[in-house]
Structures are given as C-alpha cells and as structure tokens.
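# Observations on chain architecture
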Amino acid sequence: MTQASVLVVEDNDLERQITADTLREEGFAVEEAAVGKRAIELLALSRFDVVLTDLMMPGMSGEELLAKVRGTYPGSQVVVLTAHGSTDSVVQAMKAGAFDYLEKPTDREKLVTRVAKAAEFANLQQENQLLKRRLEGTFEIEGIIGQDPAIQEVIRLVRRVAPSNSTVLIQGESGTGKEIVAKAIHRLSPRAARQFVAINCSAIPETLIENELFGHERGAFTGANERKIGLFESADKSTLFLDEIADLPQGMQAKILRVLQEKELRRVGGNDSFRIDVRLVAASNRNIAEEVGEGRFREDLYYRINVVTVTLPPLRERRGDIPLLANHALAKFGHLADGRVKEIGREAMEVVLDYSWPGNVRQLESAIERAILLCEGEKVMPRDLPEEVLSRKTPTRSGERQRGDRYEIPSEGFNFETFERDAILQALERNDWVIAKAAKMLAMSYRTLQYRIDKFGLKRGEQPKPLPPDIKG
C-alpha cells in the first residue's frame, strides 16, 4: 500500500514537532508548516491525503485553511486541532467540511487512529474517482460531453496529448468549449496539482497585455510601486491558457515566441531573465493558418504553438449530442428552480433539436438556463425557450441562404405536417426502415428522426402519399 501523506500545520514549534514525529513513527509521510500560507504552498506542490491543522493560528486561521483545502483540494481530508472545550469552533469546522477533530493535548492513540481513518477515506475517494472515470469511458471527460464521432476524436486527442508538455492549439467557433478542453488537458496532465491560469487576449487592452503576461519590476513605469508577477510566471510548472491568441498584436506575439523558445522570462523594467517551465495551450475562433497567410499572425509562432491541433466541431454538425447536452444543462442549472424542473418536455426537445445553435454549446446552455427560470411546472415547455429558438431564426452569414429559400410552396398551399410525415415515411421505406440511413437521407440526426417517428406514431407498412410536385426539389 502507498504510504499515506500528512501535512501538519501548527504554529507552536514544539507541538508541531511532537505531532509530526509521532506520525512518522507510525509510518506516515509527513510535511510540516508553521503557518497557513506555507501550507498552501506545500499543497500546490504535492498531494496530501490528510491536512492536520490547528484552528487558532496567526495570519491565515485554521478555518480559512479548511475552506481553501475543501474548495481547491477536495481529495485531501482535514482533521482540526482545537483547544479543550472549544465546542463552537469544532461544530463550525465540521459544518465547513472537516473530516474529524482532535482536542489538545492530543492523545497518541487517538491521533494515529483518526489520521489513519481520514487517510483511508481520502484513498477510497480517489479509488472511486478512478472507477468513475473508467465507467464513464470515452463518452465524457472533464466536461467534454458527446457521442458524436467528431467529439469522440477530440476526447481521444485530449487523452493522448495531456500527459505530455507539448503546446496545443484549440480551434473552433465561439461557444464550442475551447476553455473546457484546455482545462481537461491540464487536469489530466502531471501539472494538475497546480492552478490552471487563463487569460482572454481579446479582453485586455493592447497597452496592458505585456504587463499582464510578463509582470513588471518596481519603478518600471509611473505608478509601479511594487513588483507585479505576470501570468507566465504565475503559471510556472503549470498550464497557461491563451484564449483568442490571434487577437494579440504582432509585437506581443514575438515576445511570447521568445519565451517559448528560450524558456526564459524578463519582467517589464527588469534587467535579468529567469527560467520558467510553462505548458502553453492556445485557442482561437479564427483559422490561424489563414491568419498567417493574410500576414496577421506570425508564421514562426504558429508553428511553435501548433504542435497538436484540436478542432472542436460546431453544435450544428453534431446534432445527435443535443439531447445529451440539453439534459446535462438541465442538471447543471436545476438548482435555480430548487430542483422542481425534472425534464425537458418532448415538444420543447423537438424545438431544441430543430434549431441550428449559432452560439453553439454556450448558447444551448443559456437557453436551458432561461427555460428553467421561466418554467412554471416540472417540465420545460416550448414557451419557456428563447424567441429566436422558437422561431428557428438563425442569422445567416454573407452569401448563405435560409433552408426555407430552397423550394417554392404551391400557390394552393399544402399541409406541412402531412408533408413532413410522408417525407419521413418515404425515406424510411427507401432505406428498408433503417433509421440511421433514413436520417442521413433527410439530413437529420438519428435522435431527431426518432423523435419524429414517435411524434407521428409511424409504423412499418404505412404508405406515404406522393409529395407535391413543387416540393420534390
């Protein structure tokens, strides 16, 4: 069995030393910290099964450290040390997520027993997480959800590239989940114990971006009254995510290229360079190869960041995943209605499936969040969805036509539901009722067609009516 690791946090040197030595004698791997700040530094460097902390400490209190551990390192269990009779502090600590508590002065047997139980629970949680990941298989990984072959290829690439230190370029339309993929790469990498650092390059003014990325020395410019650590330095031994990297000015692109090549950094106003170890993940909603061809992006930086490219498909190209994503959003935002909204109604799901989602997954999640807030019952209805989704109106790009522009409606008109029903029957009959083939003929996903079949109650053997001559296309 792997040796259980314990971080002992105690400002009293003698008590800390006695506690640490006792645990070492019992076979635990022990690190020590005299203050909460040092404990946070050690937690960022290594995983600990148990954090044993005093509640009353100068600077960061034990309660504050407990909150930090529970929020950032949920795999670590916290056991608190408290003065005899401090009932209120114990109750508060247990409510805040402490695994157990010990009264001072600590009894050796109780100390060892309770720390061992906490370590056992931490390891059990870790095993459960590993089992959960295995059971999830390839269908979901760190927020990347979908069964479409295109998204499965993304998941495969993420799993392959994450353990390496190679730079990754993520491309895809706005709202497809580029930052989610970047976080997945980080969390599956050896750097996962450290904080993921991200910046949207398009959101920072050109005059401030260098300072944000590289930091500055005291006195570097007017108002620089103290040293500032930039994002590259903050991401040392971790992952830095540069979202919308194509929006960076070329002068800044050159400086980033130098950092990546030399693995050295110099703060603004500084004279000396120092080594850093940063894994870069970049993203853009533009085609950067085209940006290079147009002279808007440095070719040398493009080749430096384009070691592995992950391309995210737009939602309209993986419609079969829409019900899965919609129900995931329902679970994600269900708390907004205190869990009252239980499902997305069939009619509402049909509307969701019919829309082209120009804003991709982000827009879909926003639509479901809105629907939950407006829903009056237990089931999301079409009226709860945004107007643009209900009207199926999608802004068209220049030169594109709406789907409705392709055919002329007969002057005498026709019943659309009858037309739709019979078109589906024709496609099914032509493909011997193989739904996957019929769906391809109708340019629908398998799930969408299955919804239509259930909606109309279609049965094998029914005969479709001939389509109006002007609708045959």
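The structure presented is a predicted model; accordingly, all values stated were derived computationally and were not measured.

The next subject is the overall build of the protein. Check the secondary structure of the protein and you find 19 helices and 18 strands. The buried share of the protein, taken over its 473 residues, is 43%. A separation threshold of at least 6 residues defines the contact pool for the protein, and within that pool the share at least 24 residues apart is 69%. Working note: accessible area of the protein is about 25,400 Å², and carbon and sulfur atoms make up 48% of it.

So, on to the packing of helix α13 (residues 322–333) against helix α14 (residues 346–354). One can describe the packing of α13 onto α14 by two numbers: an axis separation of 10 Å at closest approach and a directional angle of 120°. Looking at the two axes, α13 sits oblique to α14. Between α13 and α14 lies a crossing of right-handed hand. Residues Ile322, Pro323, Ala326 and Asn327 of α13 touch α14, and the partners they reach there are Met349, Val352 and Leu353. Taken together, the residues of the contact of α13 with α14 sort by class into six nonpolar, one polar and no charged.

Another aspect to go through is the environment of Ala182. For Ala182, the position within the fold is in helix α7 (residues 178–187). Along the backbone, Ala182 and Ala162 are 20 residues apart, and their C-alpha atoms lie at a distance of 9.4 Å. In this structure Ala182 touches Ile170, Phe196, Phe241 and Val281, once residues within four positions along its chain are discounted.

With that settled, consider the packing of aromatic side chains. On inspection of all chains with the given rule, the structure shows five aromatic pairs. Both rings, one in Phe214 and one in Phe232, keep their centres 5.6 Å apart while their planes meet at 20°; by these two values the pair is stacked. Taken as a pair, Phe214 in helix α8 (residues 206–214) and Phe232 in helix α9 (residues 231–234) lie far apart in primary sequence, 18 residues in all.

Attention shifts here to the confidence of the model for the protein. Across the protein, pLDDT averages 85, with 88% of residues at or above 70. In this model, residues 134–139 is a region of pLDDT below 50 whose contacts with residues beyond four sequence positions or in other chains number 10 contacts. The low-confidence segment residues 467–473, where pLDDT is below 50, has 16 contacts with residues more than four positions distant or belonging to other chains.

We now examine the side chain of Glu350. Looking at the element boundaries, Glu350 is found in helix α14. Residue class for Glu350 comes out buried when judged on its relative accessible area of 11%. Setting aside anything within four residues of it in sequence, one finds Glu350 in contact with Tyr451, Arg452 and Lys455.

Moving on: the pattern of salt bridges. All chains considered together, the criterion is met by 30 salt bridges. One salt bridge connects Glu32 with Arg16, and the closest N-O pair in it is separated by 3.2 Å. On the criterion of sequence distance, the pair formed by Glu32 in strand β2 (residues 29–33) and Arg16 in helix α1 (residues 13–25) is long-range, its members being 16 residues apart. Using a relative accessible area of 22% as the deciding quantity, one classes Glu32 as partly exposed. A salt bridge links Arg267 to Glu233; the nearest nitrogen and oxygen atoms lie 2.8 Å apart. Highlighted residues: Arg267 in the loop between β13 (264–265) and β14 (274–275) and Glu233 in helix α9, separated in sequence by 34 residues. In this structure Arg267 comes out as buried when scored by relative accessible area, which is 9%. Given a relative accessible area of 18%, Glu233 falls into the buried group.

Turning our attention to the side chain of Ser189. With respect to the helices, strands and loops of the structure, Ser189 is situated in the loop between α7 and β9 (197–200). Within the structure, the side chain of Ser189 is placed 2.7 Å from the backbone oxygen of His186, a separation counted as a polar contact. What Ser189 contacts, discounting residues up to four positions off in sequence, is Ala162 and Arg279.

Right, let's get into the sheet that holds strand β15 (residues 278–284). As summarised here, the arrangement of the five strands in space is β9-β12-β15-β8-β16, forming an open sheet in which the pairing is parallel. Both edges of this open sheet fall to β9 and β16 (308–311), since each of them pairs with a single strand only. On average, each strand axis in the sheet is tilted by 20° relative to the strand beside it, whichever way the strands run. Where strand β12 (residues 238–243) and β15 come together, five bridges link them in parallel fashion. Note on β15: the bridge partner recorded for Phe241 is Val281.

Turning our eyes to something else, we now look at the sheet that holds β2. Strand order across the open sheet formed by five strands is β2-β1-β3-β4-β5, with parallel pairing between neighbours. Strands with a single pairing partner mark the edges of an open sheet, and in this sheet they are β2 and β5 (100–103). Taken pair by pair, the neighbouring strands of this sheet meet at an average axis angle of 20°, ignoring direction. Pairing between strand β1 (residues 5–9) and β2: five bridges, direction parallel. The residue of β2 that forms the bridge with Leu7 is Glu31.

This part is about the pairing of β9. Of the two faces of β9, only the one carrying Val197 and Ile199 is buried; Ala198 and Asn200 on the other face are not. For β9 and β12, the ladder comprises four bridges, and the chain directions are parallel. Opposite Ile199, over in β12, you have Leu242 as the bridge partner.

Before going further, it helps to examine the nonpolar core. The biggest cluster of nonpolar side chains holds 31 residues, and the ones touching the most others in it are Leu213, Phe232, Leu240, Leu242, Ile256, Phe297 and Ile305. Elements with a contribution of two residues or more to this core: β9, α8, α9, β12, α10 (250–262), β15, α11 (288–293) and α12 (299–305). In this structure Leu242 touches Ile199, Cys201, Leu213, Ile256, Leu280, Val281, Ala282 and Ala283, once residues within four positions along its chain are discounted. By size, the runner-up hydrophobic cluster in this structure holds 28 residues, among which are Leu315, Ile322, Ile344 and Tyr355.

Parameters and conventions
- Residues numbered from 1 in each chain as written.
- Predicted model: local features only at pLDDT ≥ 70, side-chain atom pairs only at ≥ 80, totals over all residues.
- Heavy atoms only, no water.
- Helix = DSSP H or I, 4+ residues; strand = E, 2+ residues; numbered from the N terminus.
- Buried < 20%, exposed > 50% of the residue type's maximum accessible area, 1.4 Å probe, protein only.
- Contact = heavy atoms within 4.5 Å.
- Areas by Shrake-Rupley, 256 points an atom, 1.4 Å probe, with all protein chains shown as cover.
- Axes fitted to C-alpha atoms, helices over the stretch in contact; angles between N-to-C directions.
- Parallel < 35°, antiparallel > 145°, perpendicular 65-115°, else oblique.
- Left-handed = near helix turned anticlockwise from the far one by under 90°.
- Nonpolar A, V, L, I, M, F, W, Y, C, P; charged D, E, K, R; others polar.
- Phe/Tyr/Trp six-rings, centres within 6.5 Å; stacked < 30°, edge-to-face > 60°.
- pLDDT = per-residue confidence, 0-100.
- Salt bridge = Lys/Arg side-chain N within 4 Å of Asp/Glu carboxyl O.
- Polar contact = N/O pair within 3.5 Å; in protein donor to acceptor, adjacent residues only side chain to side chain.
- Pairing = 2+ DSSP bridges.
- Core = buried A, V, L, I, M, F, W, Y, C linked by side-chain atoms within 4.5 Å.

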